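Residues per chain are reported as follows:
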Amino acid sequence: MRKRSLPFLLLLFLFSASLSLSAALTVTKVPDLSGSNEAPAIAVNKLGDLMVVYRNSYAGMAYYYKAHDGSSFVGPAAIPGQDYSAYLKTMIFYTDMAVTKDGRFHAIWSFDIHKVDAGLYYASFDPSTKSWTTPQKIGAGKVERPILTANTFNDDLLLAYDEYTGGINKDVFLKVMKSGTWRPAINISNPPEGFKPNHVTVLNRTDEAEGRPFQLSDKKAVMAPHGDLSETDAYVTVDDMTGYVYLTYKEDHREVVTDDWELRVVVALLDPSTYDILWTEQVTSGYLGFHFLPTVSAFNDKAMMAFAWYQEGTYNYIAFERKGNTLVYDSHVLEDHPIAAIPVAPHWEFFSRWLSYGDEFLFTYKTQGLGINLLRYKNGQWIDRNPVDLLGGDRAGWPYDSFLDTKRGLWTAWVNREASSSILFSLYDYTRNILLPAVDVKVETIADRAFLTKSYLNIVTWANNPFNERLGLPVSLYRVYRKRKGSSAYARVAEVNASTKEYRDENVTAGDYLDWDYVISCVDERGNESPLN
């Protein structure tokens, strides 16, 4: 691997040492239940209702719900109907959550795979009745790191996870809920038949005690933790502009000739409707080392993937662009794309999330000091090199969760590292205008014939942009603009409320009624206006 230059070290220092502690951050502590807590997930629906789910050692899956108008607080309490033993309740280790357009919260959870073989569970919460469905076991076996997301185009739920499939081998699966029914899981990684685990070379773990990244010269032969060509650490997201699905995971790889053991990141592009794989590739195969816990987000055919690179001691990223059914990226710049230092010794607690906020990408990550920071990326560059502290100085356990609320900002949920293991969440008040203009603009000209006269009227109609509707972006009014054909400047001619999608332009004549082009912008309750095109 190439040696680091002084500019790189200075860049890494800027990303890790200078924090922005913003007055826009609000931290809330969930009232404590008896017992210890772990693995929170957070989500907010379009109404503004908030839900936090997490593991409590006595309650099993617990939740805390707050209605958007402040009229209703529920919990913390156990999700009812958990029909497994008290011991299994202590073994819940992975949780995640998503929301659908109807405002329902969907929770998923699984167990510590190294201790129990208990499967994968699902339940949903209806804010209108303040009630949960009975938890449903939707997968058997040892299931790790389930990631749940909602497809805003059709309200499908997409669930990615990895599961033991034989011996110590693990594969990545995608499971889809359509119209309230879970479909059979699809094996995304599909390893070759006849696979047998191998003794492999990994890096000497004595380095961890020395507080430095592993060196490739320090080797010993051991049994691989999950088997040769094992796939883990799945993550899935949907491009809210195009509907294409992006899935990433880590794949173990053994170089037979050199006997080097690597963990490589795979990125896959899936069809928007069938979820068939269109393109897949090991995107970090040219870089030796352990590449952990990839995360991905996409918007308007641009995607960002990041992972923890153990040997380098950094989070690194790759930018992608979709061209048809292929993802295009530069595979030769990975070492030049560090983001921040990862927490290694004495804690293996690296963890990160990409979130798309229109054409801006938000990157949250676990720091060396075990905080959680935010950086923003847009148009090929970092917007601000000073990270935002999302915990208000607290230290978080592993893992955490981030959720983007387009009305209020960025939510983060974590467990405090102290003995109380309290669940906390924060809101970073950061909002952007990502409204898009109205679509399907049509013009119909009507000629009004009266005695000895003839007048003209252009009736302009339109529809709200589906993107605004899918993401729950409220439109309070529409503004109508027009310009003469061939001109570059639009002039505003009208403003109508959101329930009106028609404007009657009477300021046209027999000589120019065909000469006008119209565009319609959308405006939200804060006065933010969409672009005109």
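We now turn to the structure provided with this report. (Residues numbered from 1 in each chain as written. Predicted model: local features only at pLDDT ≥ 70, side-chain atom pairs only at ≥ 80, totals over all residues. Heavy atoms only, no water.)

Some details on the overall build of the protein
Item 1. Helix and strand counts for the protein come out as four helices and 40 strands.
Item 2. A buried classification covers 56% of the 533 residues belonging to the protein.
Item 3. Relative to all contacts within the protein whose residues are 6 or more apart in sequence, the contacts with residues 24 or more apart total 53%.
Item 4. Accessible surface, the protein: about 22,300 Å² in total, of which carbon and sulfur atoms supply 49%. (Helix = DSSP H or I, 4+ residues; strand = E, 2+ residues; numbered from the N terminus. Buried < 20%, exposed > 50% of the residue type's maximum accessible area, 1.4 Å probe, protein only. Contact = heavy atoms within 4.5 Å. Areas by Shrake-Rupley, 256 points an atom, 1.4 Å probe, with all protein chains shown as cover.)

Considering the sheet that holds strand S40 (residues 516-523)
Item 1. Strands sit in the order S38-S37-S40 across an open sheet of three strands; the sheet is antiparallel. Each edge of the open sheet carries a strand with a single partner, namely strand S38 (491-497) and S40. Ignoring strand direction, the axes of neighbouring strands in this sheet form an average angle of 25°.
Item 2. Summarising the sheet, strand S37 (residues 477-484) and S38 pair through six bridges and their orientation is antiparallel. When the sheet's bridge partners are listed, tyrosine 478 is paired in S38 with valine 496. (Pairing = 2+ DSSP bridges. Axes fitted to C-alpha atoms, helices over the stretch in contact; angles between N-to-C directions.)

A short note on the packing of aromatic side chains
Item 1. Taken as a whole and assessed by the stated rule, the structure comprises 43 aromatic pairs.
Item 2. Judged by centre distance (6.1 Å) and plane angle (10°), the ring pair of tryptophan 109 and tyrosine 121 falls under stacked. With tryptophan 109 in strand S7 (residues 105-111) and tyrosine 121 in strand S8 (residues 120-126), this pair connects stretches of sequence that are twelve residues apart. A single burial state applies to tryptophan 109 and to tyrosine 121, both of which are buried.
Item 3. Between tryptophan 354 and tyrosine 377 the ring centres are 6.4 Å apart and the planes differ by 75°, which places this aromatic pair in the edge-to-face class. Residue tryptophan 354 is found in strand S27 (residues 352-357), and its partner tyrosine 377 is found in strand S29 (residues 372-378); the two are separated by 23 residues along the sequence. Each member of the pair, tryptophan 354 as well as tyrosine 377, carries the same accessibility label: buried.
Item 4. The positively charged end of lysine 170 is found above the aromatic ring belonging to tyrosine 164, 5.2 Å away from the centroid. (Phe/Tyr/Trp six-rings, centres within 6.5 Å; stacked < 30°, edge-to-face > 60°. Lys NZ or Arg CZ within 6 Å of the ring centre and 35° of its normal.)

Here's the deal with the pairing of strand S33 (residues 409-415)
Item 1. For S33, the tally of buried residues reaches seven of seven residues, placing the bulk of the element in the interior.
Item 2. Note: strand S32 (residues 401-405) against S33, five bridges, orientation antiparallel. Bridge assignment links serine 402 to a residue of S33, and that residue is threonine 412.
Item 3. Taking the residues between adjacent antiparallel strands as the criterion, S32 and S33 are bridged by three residues.
Item 4. Looking at chain direction, S33 and strand S34 (residues 423-428) are connected through six bridges and run antiparallel. Residue pairing for S34: tryptophan 414 is matched across the bridge by leucine 424.

As for the nonpolar core
Item 1. Grouped together as the largest cluster of nonpolar side chains are 62 residues, with contacts concentrated most on Tyr315, Ile339, Trp354 and Trp462.
Item 2. Beyond its immediate chain neighbours, meaning those up to four positions away, tryptophan 462 contacts Ala438, Val439, Asp440, Val441, Tyr478, Val480, Val496, Thr500, Lys501, Glu502, Tyr503 and Ile520.
Item 3. Listed in part, the 42 residues of the second largest apolar core include Val53, Phe105, Ala118 and Phe403. (Core = buried A, V, L, I, M, F, W, Y, C linked by side-chain atoms within 4.5 Å.)

Some details on empty space enclosed by the protein
Item 1. The full count for this structure, using the stated rule, is four cavities of 30 Å³ or more.
Item 2. In this structure, the largest cavity is lined by 41 residues; those nearest its centre are Val99, Thr149, Asp240, Phe403 and Leu404.
Item 3. Looking at the lining of the largest cavity, the elements with two or more residues in it are strand S2 (37-44), strand S6 (92-99), strand S11 (143-150), strand S18 (231-238), strand S22 (291-299), S27 and S32.
Item 4. Of the residues belonging to the lining of the largest cavity, the class tally is 20 nonpolar, eleven polar and ten charged. (1 Å grid on protein atoms, 1.4 Å probe; cavity = no way out; pocket = protein on both sides within 12 Å on 5 of 7 lines; lining within 4 Å. Points joined across faces, edges and corners; volume = space filled by probe spheres on them. Nonpolar A, V, L, I, M, F, W, Y, C, P; charged D, E, K, R; others polar.)

Here's the deal with the environment of isoleucine 92
Item 1. Positionally, isoleucine 92 belongs in strand S6.
Item 2. Judged by its relative accessible area of 1%, isoleucine 92 falls in the buried class.

Brief notes about the environment of valine 388
Item 1. Here valine 388 is to be found in strand S31 (residues 388-389).
Item 2. Linking valine 388 and asparagine 373, residues 15 residues apart in sequence, is a C-alpha distance of 5.3 Å.

A word on the side chain of glutamate 38
Item 1. Structurally, the position occupied by glutamate 38 is in strand S2.
Item 2. For glutamate 38, a relative accessible area of 19% puts it in the buried group.
Item 3. At 2.6 Å, the side chain of glutamate 38 and the side chain of arginine 55 are in polar contact.
Item 4. If we skip the residues at most four places from it in the chain, glutamate 38 touches Tyr54, Arg55, Ile92, Phe93 and Ile423. (Polar contact = N/O pair within 3.5 Å; in protein donor to acceptor, adjacent residues only side chain to side chain.)

Focus on the sheet that holds strand S1 (residues 25-29)
Item 1. On the basis of which strands lie adjacent, the open sheet formed by four strands has the order S1-S34-S33-S32 and antiparallel pairing. A single partner strand is all that each edge strand has here, and the edge strands are S1 and S32. Each adjacent strand pair in this sheet contributes to an overall mean axis angle of 20°, direction not counted.

Describing the pattern of salt bridges
Item 1. This model, assessed by the stated rule, comprises 24 salt bridges.
Item 2. In this structure, the salt-bridge partner of aspartate 517 is lysine 485, at a minimum N-O distance of 2.7 Å. A residue pair is termed long-range when its members are at least 10 positions apart, and aspartate 517 in strand S40 and lysine 485 in the loop between S37 and S38 qualify at 32 residues.
Item 3. Owing to a relative accessible area of 24%, aspartate 517 belongs among the partly exposed residues under this scheme.
Item 4. For lysine 485, a relative accessible area of 48% puts it in the partly exposed group. (Salt bridge = Lys/Arg side-chain N within 4 Å of Asp/Glu carboxyl O.)

Quick look at the side chain of glutamate 349
Item 1. With respect to the helices and strands, the residue glutamate 349 is situated in the loop between strand S26 (338-341) and S27.
Item 2. On the basis of relative accessibility, which here comes to 11%, the residue glutamate 349 falls in the buried class.
Item 3. Looking at glutamate 349, its side chain comes within polar contact range of the side chain of lysine 366, at 2.6 Å.
Item 4. Once residues lying within four places of it in the same chain are set aside, the contact partners of glutamate 349 are Pro343, Lys366, Leu370, Ala396, Gly397, Trp398 and Arg417.

Observations concerning unusual backbone geometry
Item 1. With an omega dihedral of 5°, the bond running from glycine 75 to proline 76 counts as a cis peptide bond.
Item 2. The amide bond that connects tryptophan 398 to the next residue, proline 399, takes the cis arrangement and shows omega of -5°.
Item 3. Mapped onto the fold, proline 399 is located in the loop between S31 and S32.
Item 4. In the Ramachandran plot, alanine 39 falls in the positive-phi region, its phi being about 55° despite a non-glycine side chain.
Item 5. When you line up the elements, alanine 39 lands in strand S2.
Item 6. Taking relative accessible area as the criterion, alanine 39 reaches 2% and is therefore assigned buried.

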